[in-house]
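Examination of the molecular architecture
Take a look at the letters that make up each chain.
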Amino acid sequence: MRSLAYKDSQTLTSSDIENLARRFAGKSEDYIEIVNKQKNTQTINKYALLKEINSELNTLISSNNSE
């Protein structure tokens, strides 16, 4: 019996994306990750450090966009 590797993470790595693209004759550059924004926001708001980092990133992005 073959030994199977188990991957607990739901996050795709760059090699996962490249392998999928090769398997289905696509280009890894065309890959678009579909995310659940509501779930991500809930997770960010649940943890103080993530919330603070997110707030800082949003501040930096908005200040860069206003220039």
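Each remark here, short or long, concerns the structure printed above.
Residues numbered from 1 in each chain as written. Predicted model: local features only at pLDDT ≥ 70, side-chain atom pairs only at ≥ 80, totals over all residues. Heavy atoms only, no water.

Digging into the overall build of the protein
- In terms of regular secondary structure, the protein is built from 3 helices and 0 strands.
- Going residue by residue from the N terminus, the α and β elements of the protein occur as α-α-α.
- Taking all 67 residues of the protein together, the buried fraction comes to 4%. (Helix = DSSP H or I, 4+ residues; strand = E, 2+ residues; numbered from the N terminus. Buried < 20%, exposed > 50% of the residue type's maximum accessible area, 1.4 Å probe, protein only.)

Observations concerning the packing of helix 2 (residues 37–46) against helix 3 (residues 48–65)
- At a closest axis distance of 5 Å, the pairing of helix 2 and helix 3 adopts a crossing angle of 110°. Taken together, the axes of helix 2 and helix 3 are roughly perpendicular relative to one another. When helix 2 is examined against helix 3, the residues Thr43, Ile44, Asn45 and Lys46 are found in contact with a partner set consisting of Ala48, Leu50, Lys51 and Asn54.
- Partitioning the contact of helix 2 with helix 3 into residue classes produces 3 nonpolar, 3 polar and 2 charged. (Axes fitted to C-alpha atoms, helices over the stretch in contact; angles between N-to-C directions. Parallel < 35°, antiparallel > 145°, perpendicular 65-115°, else oblique. Contact = heavy atoms within 4.5 Å. Nonpolar A, V, L, I, M, F, W, Y, C, P; charged D, E, K, R; others polar.)

So, a nonpolar patch on the surface
- Taken together, the side chains of Tyr47, Leu49, Leu50, Ile53, Leu57, Leu60 and Ile61 make up a nonpolar region of the molecular surface, amounting to roughly 670 Å² of accessible area.
- Relative to the helices and strands, Leu50 is located in helix 3. (Patch = residues over 30% accessible without salt bridge, like charges linked within 9 Å, V, L, I, M, F, W, Y side chains within 5 Å. Areas by Shrake-Rupley, 256 points an atom, 1.4 Å probe, with all protein chains shown as cover. Salt bridge = Lys/Arg side-chain N within 4 Å of Asp/Glu carboxyl O.)

Remarks on helix 1 (residues 14–23)
- Of all the residues in helix 1, the buried ones are Asp16, Ile17 and Ala21. Buried residues of helix 1 fall within an arc of 130° about the axis and therefore sit on the same side. Exposed positions of helix 1 whose direction lies more than 90 degrees from the buried face are Arg22 and Arg23. (Arc of directions from axis to C-beta.)

Here we look at the environment of Glu18
- Tracing the chain through its elements places Glu18 in helix 1.
- Look at Glu18 and you get partly exposed, because its relative accessible area is 39%.
- The sequence separation of Glu18 and Glu29 amounts to 11 residues, and the corresponding C-alpha distance is 8.8 Å.

The quantities given are spatial measurements derived from coordinates; they are silent on function.
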